[in-house]
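Architecture and fold: a report
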There are 4 protein chains.
Amino acid sequence: MTAKDRVAVIGASGYAGAELVRLISSHPKVSLTLLTSRQYAGKPYEEVFPSFTGYVKQKCELFEPEDAIKKADIFFLALPHKASMRVASPLIEAGKKVIDLSADFRFNNLESYETNYQKHEVPDLLQKSVYGLCEVYKEKIIDADLIGNPGCYPTSILLPLIPFLKSKLIDSQGIIADSKSGVSGAGRTPSLGTLYCEVNEGFKAYKVSEHRHAPEIDENLSIAAGNDVNIMFVPHLVPMSRGIVSTIYARCINETNENQLLDCLKSTYSNCPFIRILPEGRMPNAAHVRGTNFCDIGVKYSPNHGMAVIVSTIDNLIKGAAGQAIQNMNIMMGFSETDGIEAMPFSI
Amino acid sequence: MTAKDRVAVIGASGYAGAELVRLISSHPKVSLTLLTSRQYAGKPYEEVFPSFTGYVKQKCELFEPEDAIKKADIFFLALPHKASMRVASPLIEAGKKVIDLSADFRFNNLESYETNYQKHEVPDLLQKSVYGLCEVYKEKIIDADLIGNPGCYPTSILLPLIPFLKSKLIDSQGIIADSKSGVSGAGRTPSLGTLYCEVNEGFKAYKVSEHRHAPEIDENLSIAAGNDVNIMFVPHLVPMSRGIVSTIYARCINETNENQLLDCLKSTYSNCPFIRILPEGRMPNAAHVRGTNFCDIGVKYSPNHGMAVIVSTIDNLIKGAAGQAIQNMNIMMGFSETDGIEAMPFSI
Amino acid sequence: MTAKDRVAVIGASGYAGAELVRLISSHPKVSLTLLTSRQYAGKPYEEVFPSFTGYVKQKCELFEPEDAIKKADIFFLALPHKASMRVASPLIEAGKKVIDLSADFRFNNLESYETNYQKHEVPDLLQKSVYGLCEVYKEKIIDADLIGNPGCYPTSILLPLIPFLKSKLIDSQGIIADSKSGVSGAGRTPSLGTLYCEVNEGFKAYKVSEHRHAPEIDENLSIAAGNDVNIMFVPHLVPMSRGIVSTIYARCINETNENQLLDCLKSTYSNCPFIRILPEGRMPNAAHVRGTNFCDIGVKYSPNHGMAVIVSTIDNLIKGAAGQAIQNMNIMMGFSETDGIEAMPFSI
Amino acid sequence: MTAKDRVAVIGASGYAGAELVRLISSHPKVSLTLLTSRQYAGKPYEEVFPSFTGYVKQKCELFEPEDAIKKADIFFLALPHKASMRVASPLIEAGKKVIDLSADFRFNNLESYETNYQKHEVPDLLQKSVYGLCEVYKEKIIDADLIGNPGCYPTSILLPLIPFLKSKLIDSQGIIADSKSGVSGAGRTPSLGTLYCEVNEGFKAYKVSEHRHAPEIDENLSIAAGNDVNIMFVPHLVPMSRGIVSTIYARCINETNENQLLDCLKSTYSNCPFIRILPEGRMPNAAHVRGTNFCDIGVKYSPNHGMAVIVSTIDNLIKGAAGQAIQNMNIMMGFSETDGIEAMPFSI
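Rules used in this analysis
Residues numbered from 1 in each chain as written. Chains lettered and ligands numbered in written order. Predicted model: local features only at pLDDT ≥ 70, side-chain atom pairs only at ≥ 80, totals over all residues. Contact = placed C-beta atoms within 7 Å. Helix = DSSP H or I, 4+ residues; strand = E, 2+ residues; numbered from the N terminus. Nonpolar A, V, L, I, M, F, W, Y, C, P; charged D, E, K, R; others polar. Least-squares fit on C-alpha atoms with pLDDT ≥ 70 in both. Pairing = 2+ DSSP bridges. Axes fitted to C-alpha atoms, helices over the stretch in contact; angles between N-to-C directions. Parallel < 35°, antiparallel > 145°, perpendicular 65-115°, else oblique. Buried ≥ 20, exposed ≤ 12 C-beta atoms within 10 Å, placed from the backbone. Right-handed = clockwise from strand over helix to strand, strands pointing away. Arc of directions from axis to C-beta.

With that out of the way, let us pick up the interface of chain D and chain C. Facing the 38 residues of chain D at the interface are 38 residues of chain C. When residues of the side of chain D that touches chain C are traced back to their parent elements, those giving at least two are strand 7 (176-181), helix 9 (196-199), strand 8 (204-205), strand 9 (232-237), strand 10 (244-251), strand 12 (295-302) and strand 13 (307-314) of chain D. Taken together, the residues of the side of chain D that touches chain C sort by class into 21 nonpolar, ten polar and seven charged.

Shown next as structure tokens:
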């Protein structure tokens, strides 16, 4: 038996960090050797997440680059934007594999990043990074050292749309994505808007046509379409913990039907273990992918409107964050793509 | 003090029926004199809805037309489609006021009703009925004897869209309404799809582009636009009990801005106590209208897309059912429009 | 028409404060003339609680004793413990009526307060204050100037137990209260423990046998029993916004039955509009009192155990806070006891 | 590689059945060869539980004893009481291993079963069956052919209490168990009481001191205590899908402390991988065991009351049903006790 690769989770006290820790703890090929959290440094991790009692024995540490470099080979960064780029540099220089869950390495276009986020401090690293949308950019990921792990909303929108744009089945202009997310997408830092009583029995749109995931989506849709795409993207908050559902409206270029649309998805994703194309007449439900790395996709064509309605769902913390990050690691490291993320969904 | 008008609720065992009973019980101008339910006939109403203990002393009765005619002056029908049309006939013949919460009297166009529902047994009554969208058809409602009370989704979509169509601010073609409803919209009859464990922690689209509320919406949007409108309507199920949020996408005919759009709504609804137009930059939340007869509306204009995103919210059981029915009664009977439905929303 | 009494809510930015504002806004005998909040001073109140849009026009102000004394006659204090005692002093000196929702004026026994909270800065005021458990201490409340409004858990436990203790139907020793509360009881200040994702799909006990409501309960049970009572009190957190259910276990002194137990409650509370004694065989549900000032009580006697199981429920923000505070005001001011708090519960 | 044992799930359309299917599908030592459901016979199982799409290829079949005997070696019965005893007989006669999730084989005492349920049709089989509370009766389970899998509430109450009774740390008289369960315990058959809108934002006690799990608990507590135990058991319904929390009150025979109580549990369960004894000062949360086979236990001792408060939590569908059933199979078949049920809990 060969030694397992050593993995670090930098910024382990948020929900995505916790999912990383959970998935890594059960992964057959790697072992968790470093857990960092500024807020909880020195505290046993199982006190930060009591459900992990008995599973994770480590304490949270402070991130110290030199020490970290000694302790692990693969680094997952679950840090806020900006913090990530500073942490990534020394790790990449030391020859480590880095998978970053922030937005810092998601863009090809520096200007787009800087317009929507802030000045980029390591633009050369941005150039070297690969956008980790596994099913679409797998060939690049294989050789990458630095992955910008996709945003949750973008994952749910790009996976169903890219095949249609590449095959010219839908018009690249006028696409609308009406997305709905569970509350964990907003993170674990206490805030008024994510209190139980503020969310429960409510539903709202937010950042209408202003969310920073839109340029991330546009960049990748444009690559697929071969021309500029400018999606209308409106996110909403759902009173549930996990899950994203995106309902996407796109005009079809020619008259079509559900079978043709579904076939396009099926042939594109025939070798992709985490994409489930639902049969005609069925639509996805966030509950059915909860706890898994699946993206479920259903399609309806309306001849009256010449329009396809495409509905996709993911678990925002797994396929939309930690699960896809593990999938990226699996691809980079030559593991089986499903290692550690093959859990079957619950019935309810 | 003059005698109060006597009111009957026919079909009082569902959620809309219960809300009618609640609102009528506190209404200053009417008194509840008849409660019917086939399923619970003979049973004290407070055993059917235990929260009403101490408020509603009546037992559920079977509906017997001759008896009912003697007992009440105003009839609310909270019955399934088809049952309503049969019950309405003898009541109208006897000179009663009837407000029907089913779809049976919502359509002007007989063919549209029969295509989407079933054969209409009293088409002449359909001709005499008025569509009870209070803020839009108030003048007709004043003189009506028979009201087809609007559907919940249509109410949430028609109120924000009609002013824009009338003032030609938006294109009547290509409108998309992505609506989200709480579970009470599906009624109180036990079914697998509305069990707690099936809904909780899930989110899904259903009847995509096939829901029977679409033709009801189209008929009224077409009247406002002066031409045929064919909306793309996709409903979703939210894990909450009450509330609808509709996110509506419409292309603007000319360049515009939020102020112009909001002004159009404000001037249209300036005398409407149940419409709240939110200030620029705010978007509605289903929680903020829960338990009330309000429709809250917010608007965002995206110059990049030349598109308005209009978000509306109502309580599906009140403005979307029982509350609007009471409002219709108030208008028909010459009461103050807000009588019995002026409750202030809760903070949470 | 006589002028309405002027009311101030000091500390209006929490959930209890918001419920006070809501109830006062609809109260027929008083008008809201001052709203204070340190955190939101200068901000329109309807931006703090957007559901109140159109109802509450005031801005939040800073509390300035001299100014406040000019602006209002009756003061509700919805402040943290300790802040209340400091604010109450100048108001009482100025001859105002004060209803305090903190623990600062709930105790007869100074030592008990100081052991469980902190040093009391105005112990003479504590002596003059009256514990505002309306149904039990009504005679004292009529003449009071300063009310210590009861805690939410104590209200739910004292109302069902006091009649049994007074009539010697139950043993005052060995009583256990297993209480369950919705999340709003923890307040509106953001904290990890009240985030949606931390509460949702969970259930836990907390402060087991250590909660500061226990001495408040004991003091009042002891008065009723005529001897020292030391209850075992364990609170739990329920994933819902509002509501408390207390399941109380007490040994019966003699063999008895449900009828005798229910009769004791019925005769004690025969003139109390907010107590609903459920018929034999029915047990209360937090949902059935939500949004109301009711306390619902059900009783089961187990002959095998010689034990009564008493289950009570209240809305923690209303009968457990703002509603009972209004009821106290009604009693103090000679209004009808139900003024402003007679809303009927929802069906769901 | 040896052939895997073949497993059948009889009655696979409920929640416990679905969890059995899920756990068996991922179990390393067995394979699922028969799935039966009267209601869904002929239907692909993944249409009954769409989250299983891609995992379970079988159709539901009707249960035919002769056919079933050919298809499987180990049988899980997830049937209603009474149906189970009829199905079990031919299977046991054919030499199969049977794990029954109903109450039909849980009692030693025939009279107790018949008083609380109905006439037992195969009392001799009842005599041969073993109560499958794994941590307590492991030695008997090893040799059993027929297991009566414990009820969900009993599991949550027996595991924490039995060690204290055996070691005479607590008084066997006067024990109270106040239990709270998520909604899935009520099953998947549509009923008014388990509709989303009836459960959401509510909390209630039910079957107070009348639940049929009490005699099952008493029988096993009596064995541990060596004398008759008659627990006071009150179940409650929590608005969550999964999980049970039992808060148990027991008088201590001598003065003690948390350390002594925790040590008793720790030493009893030192080799039990599914029991987590929480450190002093921590109490369990249903969320922390969701999706797992754990029973978490916390203890508080109140010197004032001479009483221990013991709080336990399980996932009612796993440790309280399907997971414990798999654990029983593992023990009977000589597999590792954790095979197929070692999943780590989620962070949220």
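On to the relation of the copies chain B and chain A, then. Between chain B and chain A, the superposition needs a rotation of 180° and an axial shift of 0.0 Å, giving an RMSD of 0.0 Å. The superposition of one copy onto the other is thereby described by a two-fold rotation axis. Comparing interface residues between copies, 100% of those in chain B also lie at the interface in chain A; the contact surface is shared.

With that out of the way, let us pick up the sheet that holds strand 5 (residues 130-131) of chain A. Working definition: the strands of a sheet are paired by backbone hydrogen bonds and lie parallel or antiparallel to each other. Residue and element names in this part refer to chain A. The parallel open sheet is built from six strands, whose spatial order is 2-1-3-4-6-5. Strands with a single pairing partner mark the edges of an open sheet, and in this sheet they are strand 2 (30-36) and strand 5. Direction of pairing for strand 1 (residues 5-10) relative to strand 2: parallel, over a ladder of six bridges. In the strand pairing of strand 2, Ile10 is matched with Thr36.

Think of two packed helices as two axes; the pair is described by the angle between the axes and how far apart they sit. Residue and element names in this part refer to chain B. Between helix 8 (residues 152-166) and helix 12 (residues 318-333), the shortest axis-to-axis distance is 8 Å and the interhelical angle comes to 95°. Taken together, helix 8 and helix 12 sit at an angle that is classed as roughly perpendicular. In this structure, helix 8 uses Cys152, Thr155 and Ser156 to contact helix 12, whose residues at the interface are Lys319, Gly320, Ala321 and Gln324. For the contact of helix 8 with helix 12, the residue count by class is two nonpolar, four polar and one charged.

On to the environment of Lys70 of chain B, then. Secondary-structure assignment places Lys70 of chain B in helix 3 (residues 65-71). As for Lys70 of chain B and Ala94 of chain B, which are separated by 24 residues in sequence, their C-alpha atoms are 9.8 Å apart.

Attention now goes to the sheet that holds strand 12 (residues 295-302) of chain A. Residue and element names in this part refer to chain A. An order of 8-9-7-10-13-12-11 is seen for the seven strands of this open sheet, with the pairing classed as mixed. Whereas interior strands pair on both sides, the edge strands pair on one side only; in this sheet they are strand 8 (204-205) and strand 11 (275-277). In the sheet, strand 11 pairs with strand 12 via three bridges, with the strands oriented parallel. Bridging from a neighbouring strand, Ile275 pairs with Cys295 of strand 12. Relative to the sheet, helix 11 (residues 258-268) contacts strand 11, strand 12 and strand 13 (307-314), its axis offset from that of strand 12 by approximately 155°.

Among the seven residues that make up strand 2 of chain A, five are buried, leaving the element largely enclosed by the rest of the structure. A crossover links strand 1 of chain A with its parallel partner strand 2 of chain A, the connecting element being helix 1 (residues 15-25) of chain A, and its sense is right-handed.

Residues and elements named next belong to chain C. All buried positions along helix 4 (residues 83-93) are accounted for by Ser84, Met85, Val87, Ala88 and Leu91. Seen from one end, helix 4 has its buried residues packed into an arc of 165°, which puts them on one side. A positive phi of about 80° marks Gly95, the residue just after helix 4.

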